[in-house]
Amino acid sequence: MGDEVQQLTRAFSGTVSICHRNETCFDRSIILQLLLPLMPSLIIISCDDQLNAKRIEGLGGLGVDEPTMVSALARWRKQPEKRSGFRKGFPGFFKSHGDIDRCEEEYMLHLAAEFARFKNLMVLWAMHPWERDARLAHHVLHQHHPPAILVEVASTRSADELLGARRAYHQLFHHSLEEDVAYRAKDKPYCNLLVGLVSAYRYEGPRVNEEVAREEAKALGAAVKSAAAGGKKLAAVAENGEVVRILTTRSKPHLVETFKYYKEMHGRRIEEDLVGHGHGEEEETLVETVLCLAAPARYFSKVMEGALRDGADHHAKEALTRVAVTRSDHDMDEIRDAYLEQFGVKLEDAIAAKAHGHYRDALLSLVGAHHQQ
Amino acid sequence: MATLTVPAVVPPVAEDCEQLHKAFEGWGTNEKLIISVLAHRDAAHRRAIRRAYAEAYGKELLRALGDEIHGKFERAVILWTLEPAERDAVLANEEAKKWHPGGRALVEIACTRTPAQLFAARQAYHDRFKRSLEEDVAAHVTGDFRKLLVPLVSAYRYDGPEVNISLAHSEAKILHEKIHKKGYSDEEIIRILTTRSKAQLLATFNSYKDQFDHPINKDLKADPKDEFLATLRAIIRCFICPDRYFEKILRLALGGMGTDEDDLTRVIATRAEFDLKLIKEAYQKRNSVPLERAVAKDTTRDYEDILLALLGAE
């Protein structure tokens, strides 16, 4: 029975709570011995009365293991004592109140999010890409999702995809995207940068004017230097008119050349110069812009790693679904390569280790791997 | 609304090409023939004629025209023959490259075209100039004008009728406040003018009049020599009353000593297939003289002929 309990608790998002101080948790310590060698995502939390909701967030993996849960239904049919043993063996989910083992509120919320992961993925996948991007942008503006998502949508889509998203935004929300961005970000230092990014309709041909690219690399370097020298935060760079002009109007091939010249002239890549100057939203928005424009595959691979590491927060985890769905048809192969290069592990293996059930299988299909269960 | 007159039965495209080719043949050029064909065909026909001409004679029609005719007449014919999106792209490129504070082509393109037409112009710009419109405007325009014009040409405004009235009231107040502090290039003014939809802007300007007892443009006349203020006023007029805006351009172009042919050609060539009729009516109302008569008085020969043809006066 310990075996089956362990399986089922793992199916509920791989979370197990063990009481390690209370002598009455006698049965549970046996379970601990059984479980320890078998569970990669074993988390230990105390049997305090109030479970800390924040600690629950980083627990376990992503999604739930639906097949295991369903098989438990069959195996334990007409055996309520097994269910009762399960409840007693999972104090993170259930709390004993005399005769009844009640559900923990925080855990129920956590479970709702995990069960919904697969649903959210499928709905996002089914949508037209233009509507998808318009809704993602709207969430940033009206539900305070991280502005990085807006930078991502504006900078990694093709000019016509961005136009389509703007059109969809008109139809869905009866405003223009740039109108809403300008309004919501109007007091932030990166406002002009964001408005410029979402309004851009970049030339997509390969023609690049080398001289202009060189000059602009110089201008970017000067802006970065003057911000660093003046001891100002990098917000000053994000507000610099020349920087905004270059990043929001030049074509992507032109920017790639410009960043290449930047590296030649200054010995470092521009994103290295921008990072490490503090972690305010302003700095991050600028760094994300540069990364998305210059090397989107590496940017996306970093986002995915952020979702898969321990202690990832709610928004970081949602990014996994978003990147998998939106890039599956485009540059997912490059992202897989970048992931292997940056983190030494195959993306599909990292996903298989952290995610469960249908959600895991969905992610693996989108990522283009053929992982055997 | 359009003044363009097209014959009830349009000759087949091949015949039109032949006529044009004949007009170029031999010594001299038959300008009247050129006008009788091109000035009486709509955009779809003109596109078909250009394609067929290139196939039949191995030379671009516009190139051939450039070889045969010159000066103001050439500019008028070529601008007219282009499709609206290309025409806007060409005008925008000319102005961006040699930009000066009095320039109005960019403002007109951004504010009197529908959002779809503005976007078509941006696409045509890519095709023709291998750069984006906003890229060139940003690179050639400086200072406060750049802060204003780049977002103005990059906007893809909501095109529908939905308006938020309380937002209109609050943004009218914001505009009033900034104008009174003489912060004309304030980010809020630019944000409102360059991102809000036309319907929302009209509601905002109405609210301004209701709240402060005079139209917003009255408050933007503090310094008659300030070109930035003049540009703001032009933007607002283009939204509120484009026909009267264009009427004024024409009146200033035709009035006084000499004639500003660039403005005259631009307005007539760009509006003939849209709302030149309304502009004519506004002109008559304001000047007590039909526009055709004023144009005939101030222009001569072939240039006069094509303008009158586009005005529907033949």
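Residues numbered from 1 in each chain as written. Chains lettered and ligands numbered in written order. Predicted model: local features only at pLDDT ≥ 70, side-chain atom pairs only at ≥ 80, totals over all residues. Heavy atoms only, no water.

Here the focus is the overall build of chain B. Of the regular secondary structure elements, chain B holds 20 helices and zero strands. Over its C-alpha atoms, taken along the principal directions, chain B stretches across nearly 65 × 45 × 35 Å. Looking at the 314 residues of chain B, the share that counts as buried comes to 54%. Look at the contacts in chain B between residues 6 or more apart in sequence, and 70% of them connect residues 24 or more apart. On chain B, roughly 13800 Å² of surface is accessible, and the fraction owed to carbon and sulfur atoms is 52%. Across chain B, the mean location of the 48 positive side-chain charges is 4 Å away from that of the 50 negative side-chain charges. (Helix = DSSP H or I, 4+ residues; strand = E, 2+ residues; numbered from the N terminus. Buried < 20%, exposed > 50% of the residue type's maximum accessible area, 1.4 Å probe, protein only. Contact = heavy atoms within 4.5 Å. Areas by Shrake-Rupley, 256 points an atom, 1.4 Å probe, with all protein chains shown as cover. Lys, Arg positive; Asp, Glu negative; His and termini not counted. Charge placed at Lys NZ, Arg CZ, Asp CG, Glu CD.)

Right, let's get into the layout of surface pockets. Roughly 1300 Å³ of volume is contained in the largest pocket. As for the largest pocket, its lining consists of 48 residues, and the residues nearest its centre are Val303(A), His315(A), Ala316(A), Ala319(A) and Arg322(A). Listing elements by their share of the lining of the largest pocket, those giving two or more residues are helix H6 (105–126), helix H7 (129–142), helix H8 (148–156), helix H17 (281–294), helix H18 (296–308) and helix H19 (314–327) of chain A. The residue inventory of the lining of the largest pocket, partitioned by class, reads 20 nonpolar, twelve polar and 16 charged. Approximately 1100 Å³ is the volume found for the second largest pocket. Together, 37 residues line the second largest pocket, and Arg104(B), Ala230(B), Ala234(B), Tyr245(B) and Ile249(B) are the ones closest to its centre. Sorting elements by how many residues they give to the lining of the second largest pocket places helix H15 (residues 227–240) of chain B first, with seven residues. Considering only residue class, the lining of the second largest pocket consists of 14 nonpolar, five polar and 18 charged. (1 Å grid on protein atoms, 1.4 Å probe; cavity = no way out; pocket = protein on both sides within 12 Å on 5 of 7 lines; lining within 4 Å. Points joined across faces, edges and corners; volume = space filled by probe spheres on them. Nonpolar A, V, L, I, M, F, W, Y, C, P; charged D, E, K, R; others polar.)

All right, on to the interface of chain B and chain A then. Opposite the 28 residues of chain B that make contact, chain A presents 27 residues. Summed over both sides, the interface between chain B and chain A buries roughly 2500 Å², with carbon and sulfur atoms accounting for 55% of that surface. Counting every contact that joins chain B to chain A gives four salt bridges. Among the salt bridges present, the one from Lys186(A) reaches Glu188(B), with a minimum N-O distance of 3.6 Å. Looking at the side of chain B that touches chain A, the elements with two or more residues in it are helix H8 (115–129), helix H9 (133–140), helix H10 (143–154), helix H11 (165–180) and helix H12 (187–195) of chain B. No other element matches H8(B), which puts five residues into the side of chain B that touches chain A. Classifying every residue of the side of chain B that touches chain A by side-chain character gives eight nonpolar, six polar and 14 charged. (Buried area = accessible area lost by both parts, 1.4 Å probe. Salt bridge = Lys/Arg side-chain N within 4 Å of Asp/Glu carboxyl O.)

The next point concerns the domain arrangement of chain B. Residues and elements named next belong to chain B. Domain annotation for chain B reports domain 1 (13–69), domain 2 (84–154), domain 3 (165–223 + 230–240) and domain 4 (242–311). Using C-alpha coordinates to define each centre, domain 2 is positioned 23 Å away from domain 4. With ten residues of domain 2 at the contact, the number on the domain 4 side is ten residues. Area buried by domain 2 at its contact with domain 4 is led by Arg-87, Glu-108 and Thr-112, which between them contribute 51% of it. Between Arg-266 and Glu-108 there is a salt bridge, and its shortest N-O distance comes to 2.8 Å. If you look at where domain 2 meets domain 4, you find four residue pairs in polar contact (both at pLDDT 80 or more). (Domains from an automatic or database assignment. Polar contact = N/O pair within 3.5 Å; in protein donor to acceptor, adjacent residues only side chain to side chain.)

Our focus in this paragraph is empty space enclosed by the protein. Where empty space is left becomes clear once a probe the size of a water molecule has been rolled over the atoms. All names here are of chain A. All told, the structure shown has six cavities of 30 Å³ or more when counted by the stated rule. The calculated volume of the largest cavity comes to roughly 70 Å³. Along the walls of the largest cavity sit Ala-154, Arg-157, Ser-158, Ala-159, Leu-162, Leu-197, Ala-200, Arg-202, Glu-204 and Lys-252, which together make up its complete lining. A per-class count over the lining of the largest cavity returns five nonpolar, one polar and four charged.

Our focus in this paragraph is the confidence of the model for chain B. Of the residues in chain B, 100% have a pLDDT of 70 or more, and the chain-wide mean is 94. The ipTM assigned to the predicted complex is 0.87, against a pTM of 0.85. (pLDDT = per-residue confidence, 0-100.)

All names here are of chain A. Where strand S1 (residues 94–97) lies against strand S2 (residues 100–103), four bridges are found, and the strand directions are antiparallel. Following the sheet pairing, Phe-94 is matched in S2 by Cys-103. Between the end of S1 and the start of S2, which pair antiparallel, lie two residues, with Gly-98 showing a positive phi angle near 70 degrees. (Pairing = 2+ DSSP bridges.)

Residues and elements named next belong to chain B. At Lys-182, a residue that is not glycine, the phi angle is positive and equals roughly 60 degrees. For Lys-182, the location among the structural elements is in the loop between H11 and H12. Residues other than glycine seldom take positive phi values, yet Arg-301 does so here, at roughly 50 degrees. Mapping Arg-301 onto the fold places it in helix H20 (residues 301–310).

Below, the discussion takes up the UniProt feature "binding site: Ca(2+) 1" (unreviewed entry) in chain B. Residue and element names in this part refer to chain B. Here, the residues flagged by UniProt with the feature "binding site: Ca(2+) 1" (unreviewed entry) are Phe-24, Gly-26, Gly-28, Glu-68, Gly-258, Ala-296, Thr-299 and Glu-304. Taken together, the annotated residues stretch across 281 residues and extend over separate regions, lying up to 34.2 Å apart by C-alpha. Following the sequence through the fold, Phe-24 ends up in helix H1 (residues 13–24). When its relative accessible area of 8% is taken as the criterion, Phe-24 is described as buried. (UniProt positions renumbered as here; feature names shortened; annotations may be inferred.)

Looking now at the pattern of salt bridges. Applying the stated rule across the entire model yields 48 salt bridges over all chains. With a closest N to O distance of 3.2 Å, Lys32(B) and Asp305(B) form a salt bridge. With Lys32(B) in helix H2 (residues 31–38) and Asp305(B) in helix H20, this residue pair connects regions lying 273 residues apart in the sequence. Through salt bridges with shared partners, a single network forms among Glu179(A), Lys186(A), Glu171(B), Glu188(B), Arg191(B) and Arg196(B).

Further remarks concern helix H11 (residues 191–199) of chain A. Counting buried positions along H11(A) gives eight out of nine residues, so the element sits mostly inside the fold. Listed as buried for H11(A) are Cys191(A), Leu193(A), Leu194(A), Val195(A), Gly196(A), Leu197(A), Val198(A) and Ser199(A).

This next bit is on the packing of aromatic side chains. The tally for this structure, following the rule as stated, stands at 22 aromatic pairs over all chains. With centroids separated by 5.4 Å and ring planes inclined at 70 degrees, the aromatic side chains of Tyr299(A) and Phe300(A) adopt a geometry described as edge-to-face. By the burial criterion, Tyr299(A) is buried, and Phe300(A) matches it. Seen from their ring centres, Phe145(B) and Phe228(B) are 5.3 Å apart, and the 75 degrees between their planes marks the pair as edge-to-face. (Phe/Tyr/Trp six-rings, centres within 6.5 Å; stacked < 30°, edge-to-face > 60°.)

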